[in-house]
Amino acid sequence: MEHTSFGDQRNATFSLTEEDHTLANALRFTLNQDPRVMFCGYSIPHPSEARVNIRVQTTGDPAREVLKDACQDLMQMCQHVRSTFDNAVADFKKGSSRE
């Protein structure tokens, strides 16, 4: 769910259900790497509620597009980490089978 100011798409708060610090902190980190982002932060309204609010303020681009780009960048990072890990496991298995 998105909460924006009327007429100002540069600022928005996104409410993600069934999420916690794991995704929120990774998204916050990725968003803060983007030069289009002036401010990004997240909060969890209540510990017993599986919901995260992410606030994004940009220099001019729509906050929704910037968040979408950050999600795609995060997915690419995760795919790279997974690929690197899988290759390391395969190399390890090859090395240990020779012994």
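What you see is a predicted model, and the numbers here were worked out from it, not measured in a lab. (Residues numbered from 1 in each chain as written. Predicted model: local features only at pLDDT ≥ 70, side-chain atom pairs only at ≥ 80, totals over all residues. Heavy atoms only, no water.)

Before going further, it helps to examine the overall build of the protein. Of regular secondary structure, the protein possesses two helices and four strands. Each helix and strand of the protein, placed in order from N terminus to C terminus, yields the pattern β-β-α-β-β-α. Against the compact-globule benchmark of 13 Å for 99 residues, the protein has a radius of gyration of 18 Å, which places it well outside the compact range. Across its three principal directions, the C-alpha atoms of the protein cover 65 × 35 × 15 Å. (Helix = DSSP H or I, 4+ residues; strand = E, 2+ residues; numbered from the N terminus. Rg over C-alpha atoms; globule rule 2.2 N^0.38 Å.)

Right, let's talk about the pattern of salt bridges for a bit. For the structure on display, the rule yields six salt bridges. The partner of Asp61 in a salt bridge is Arg36, and the shortest N-O contact between them spans 3.3 Å. On the criterion of sequence distance, the pair formed by Asp61 in the loop between strand S4 (51-58) and helix H2 (63-97) and Arg36 in the loop between helix H1 (21-33) and strand S3 (37-43) is long-range, its members being 25 residues apart. Judged by its relative accessible area of 32%, Asp61 falls in the partly exposed class. Of the charged contacts, one joins Arg51 and Glu49 as a salt bridge, the two residues approaching to 2.8 Å between their closest N and O atoms. When salt bridges with common partners are traced through the structure, they connect Asp34, Arg36, Asp61 and Asp69 into a single cluster. (Salt bridge = Lys/Arg side-chain N within 4 Å of Asp/Glu carboxyl O. Buried < 20%, exposed > 50% of the residue type's maximum accessible area, 1.4 Å probe, protein only.)

Next up on the list: the confidence of the model for the protein. Interpreting fine coordinate detail is not advised for predicted regions of low pLDDT. For the protein, per-residue confidence averages 92 on the pLDDT scale, and residues scoring 70 or more make up 92% of the total. Mean pLDDT in the protein bottoms out at strand S1 (residues 2-5), which sits at 64, and peaks at S3, which reaches 97. (pLDDT = per-residue confidence, 0-100.)

Here we take up the UniProt feature "domain: DNA-directed RNA polymerase RBP11-like dimerisation" (unreviewed entry) in the protein. UniProt feature "domain: DNA-directed RNA polymerase RBP11-like dimerisation" (unreviewed entry): in the numbering of this structure it lies at residues 12-83. A helix fraction of 47% and a strand fraction of 29% characterise residues 12-83, whose end C-alpha atoms lie 34 Å from each other. (UniProt positions renumbered as here; feature names shortened; annotations may be inferred.)

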